[in-house]
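Single-letter residue listing:
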Amino acid sequence: MPLALIISSHVAGSQVGATAQATALAQFRIDSMVVPTVLYGRHPGWGLPGGAPVPIEVFEGMLDGIEANGLFGLVDLVITGYFATAAQVRAAARVIDAVRESPRQGAATRKPVVIVDPTMGDAGKGLYIPADTAEAIIADLIPRADVVACNSWELQKLTGTDARDPVSAMKAARLLGKTTLVSSVQRGAEIGAVLADKKEAWLAAHAKSERSPNGTGDLLTALYAASILEGQTFSYGLARAVGGVAETVTAANIWNAPELPIVAMGARIKQTSPTVRIERLA
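Residues numbered from 1 in each chain as written. Predicted model: local features only at pLDDT ≥ 70, side-chain atom pairs only at ≥ 80, totals over all residues. Heavy atoms only, no water.

### Considerations on the packing of helix 1 (residues 17–26) against helix 7 (residues 216–230)
Right, so step 1: In contact at an axis separation of 9 Å, helix 1 and helix 7 are set at 35° when each is read in the N-to-C sense. Between helix 1 and helix 7 lies a crossing whose hand is right-handed. Of the residues in helix 7, those touching helix 1 at Gly17, Gln21, Ala24 and Leu25 are Asp218, Leu219, Thr221, Ala222, Leu223 and Ala226.
Right, so step 2: Here the contact of helix 1 with helix 7 is built from residues that sort into six nonpolar, three polar and one charged. (Axes fitted to C-alpha atoms, helices over the stretch in contact; angles between N-to-C directions. Helix = DSSP H or I, 4+ residues; strand = E, 2+ residues; numbered from the N terminus. Left-handed = near helix turned anticlockwise from the far one by under 90°. Contact = heavy atoms within 4.5 Å. Nonpolar A, V, L, I, M, F, W, Y, C, P; charged D, E, K, R; others polar.)

### Quick look at the layout of surface pockets
Right, so step 1: What the largest pocket holds in volume is close to 1300 Å³.
Right, so step 2: Lining the largest pocket are 50 residues, and of these Asp122, Ser184, Gly215, Thr216 and Gly217 sit closest to its centre.
Right, so step 3: Counted by class, the lining of the largest pocket contains 20 nonpolar, 22 polar and eight charged residues. (1 Å grid on protein atoms, 1.4 Å probe; cavity = no way out; pocket = protein on both sides within 12 Å on 5 of 7 lines; lining within 4 Å. Points joined across faces, edges and corners; volume = space filled by probe spheres on them.)

### Comments concerning the pattern of salt bridges
Right, so step 1: In total, this model carries 11 salt bridges according to the counting rule given.
Right, so step 2: Two residues, arginine 94 and glutamate 60, come together in a salt bridge whose shortest N-O distance is 2.7 Å. Of this pair, arginine 94 sits in helix 3 (residues 86–101) while glutamate 60 sits in helix 2 (residues 56–68), and the two are 34 residues apart along the sequence.
Right, so step 3: Its salt-bridge partner being arginine 164, residue aspartate 162 comes within 2.7 Å of it at the nearest N-O pair.
Right, so step 4: A cluster of three or more residues bridged by salt bridges with shared partners is formed by Arg187, Glu190, Arg277 and Glu279. (Salt bridge = Lys/Arg side-chain N within 4 Å of Asp/Glu carboxyl O.)

Structure follows, in structure tokens:
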């Protein structure tokens, strides 16, 4: 069974961050070890979240415990997301290096995949983490990523170029020199995600929804991560991931659910959606 190390937020009452990602990965029989950067009661979008950032000594202590049990050498996937402090980012960078350097035996001989979601801000909100934390993510985590999973606003911050429409998102993604998954890409009445590397690029899009609960980017990252571990193609992995998100958002609207109903969706998040259009970009 594949093993993931998720370093991101734990939010008790919202399906976002590591909470959402571990739930989604379980549908693919991927075990998760969650190391929280914050312990919140609810997403800040609802108001004061309650809780607090995890102190660096606690954060590093949890990572040390995982390493002491010999688990770094079993990790197939690392996902990083929301960070509260630059110190947490630097600790996560050291852990990525340690995971990659750990001896691997038996079924765990494949190299771990590192996905960095530079959770820093969004359109209309701007930067919503401390500036030094954002700078640490850019300096210490982006260079270590195999895959960068960001929204279009974050990609623009990373590259200094526009990334709002599919073609500009593709061009900006290629400036990073890494496989890049870009969410919140818009074209007309559609919204979707672009997946690009130096060889190929794809767009998976669907009609915009009137309402979308928080956590769609976190869910998209987890679903695409699962496709990597399964060895899926670029286009299918993207189409399935975007389809899983689209179907979950649709279900949330039908059921009037305030959060993403990831558990209730069950195996449906593992399927493509007829509402998602896949297109190869030039």
